[in-house]
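# Commentary on secondary and tertiary structure
Okay, here's what each chain looks like letter by letter:
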Amino acid sequence: MADQTDDELRERLKAALWFSIGKIVDEESIRRNRNATPQFIGALADLVWDQIGNVATDLESFSRHANRTTVTTDDVLLLARRNQDLHSIIKDIVDKEKAKKLKSKAKGKGRA
């Protein structure tokens, strides 16, 4: 029964992904005055699904290698290491979030 539930969840996730990709493709098709077939959308959704699986596997492997059970931003940065532009974007976001946390911690300590 648990397998059936996992299969149902997987299918629901795939359907949601297909729907979301379809919306994005439709918006871009209208914006660029182009047409996209349902077969294209399905193929793109399959490609994205496979890529998501590969990314998840890699992130889990990185965290396991570091003897952690949780994926961290370090794992994401490690995954993006071969795409310098993507790595820079993610690093900037991570650095901004860390700075915000430090700022809010400093404000909290000043009150006590």
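Residues numbered from 1 in each chain as written. Predicted model: local features only at pLDDT ≥ 70, side-chain atom pairs only at ≥ 80, totals over all residues. Heavy atoms only, no water.

Looking up the protein chain in an unreviewed UniProt entry gives the name Kinetochore component CENP-S-domain-containing protein, with the organism given as Triangularia verruculosa.

Turning next to the overall build of the protein chain. Regarding its fold elements, the protein chain presents 4 helices and 0 strands. Counting from the amino terminus, the protein chain carries its helices and strands in the arrangement α-α-α-α. For the protein chain, the spread of C-alpha atoms along the principal axes amounts to about 60 × 45 × 30 Å. Buried positions account for 15% of the 112 residues belonging to the protein chain. Taking as baseline every contact in the protein chain between residues at least 6 positions apart, the subset at least 24 positions apart corresponds to 25%. Accessible surface, the protein chain: about 9,500 Å² in total, of which carbon and sulfur atoms supply 56%. Positive and negative side-chain charges of the protein chain, numbering 21 and 18 respectively, have mean locations separated by a distance of 12 Å. (Helix = DSSP H or I, 4+ residues; strand = E, 2+ residues; numbered from the N terminus. Buried < 20%, exposed > 50% of the residue type's maximum accessible area, 1.4 Å probe, protein only. Contact = heavy atoms within 4.5 Å. Areas by Shrake-Rupley, 256 points an atom, 1.4 Å probe, with all protein chains shown as cover. Lys, Arg positive; Asp, Glu negative; His and termini not counted. Charge placed at Lys NZ, Arg CZ, Asp CG, Glu CD.)

Looking at where Asp75 falls in the secondary structure, it is placed in helix 3 (residues 73–79). A distance of 2.8 Å separates polar atoms of two side chains, one belonging to Asp75 and the other to Arg68. Setting aside residues no more than four positions away along its own chain, Asp75 makes contact with Leu59, Phe62, Ser63, Arg68 and Thr70. (Polar contact = N/O pair within 3.5 Å; in protein donor to acceptor, adjacent residues only side chain to side chain.)

Turning our attention to the confidence of the model for the protein chain. Put simply, the protein chain has an average pLDDT of 93, and 94% of its residues get 70 or more. Averaged pLDDT values over the elements of the protein chain bottom out at 88 in helix 4 (residues 84–111) and peak at 97 in helix 2 (residues 38–65). (pLDDT = per-residue confidence, 0-100.)

A few words now on the nonpolar core. By size, the foremost hydrophobic cluster in this structure holds 5 residues: Leu17, Ile21, Val25, Ile41 and Ala45. If you list the elements that add at least two residues to this core, you get helix 1 (2–32) and helix 2. With 3 residues, the top contributor of residues to this core is helix 1. In this structure Val25 touches Ala36, Phe40, Ile41 and Leu44, once residues within four positions along its chain are discounted. (Core = buried A, V, L, I, M, F, W, Y, C linked by side-chain atoms within 4.5 Å.)

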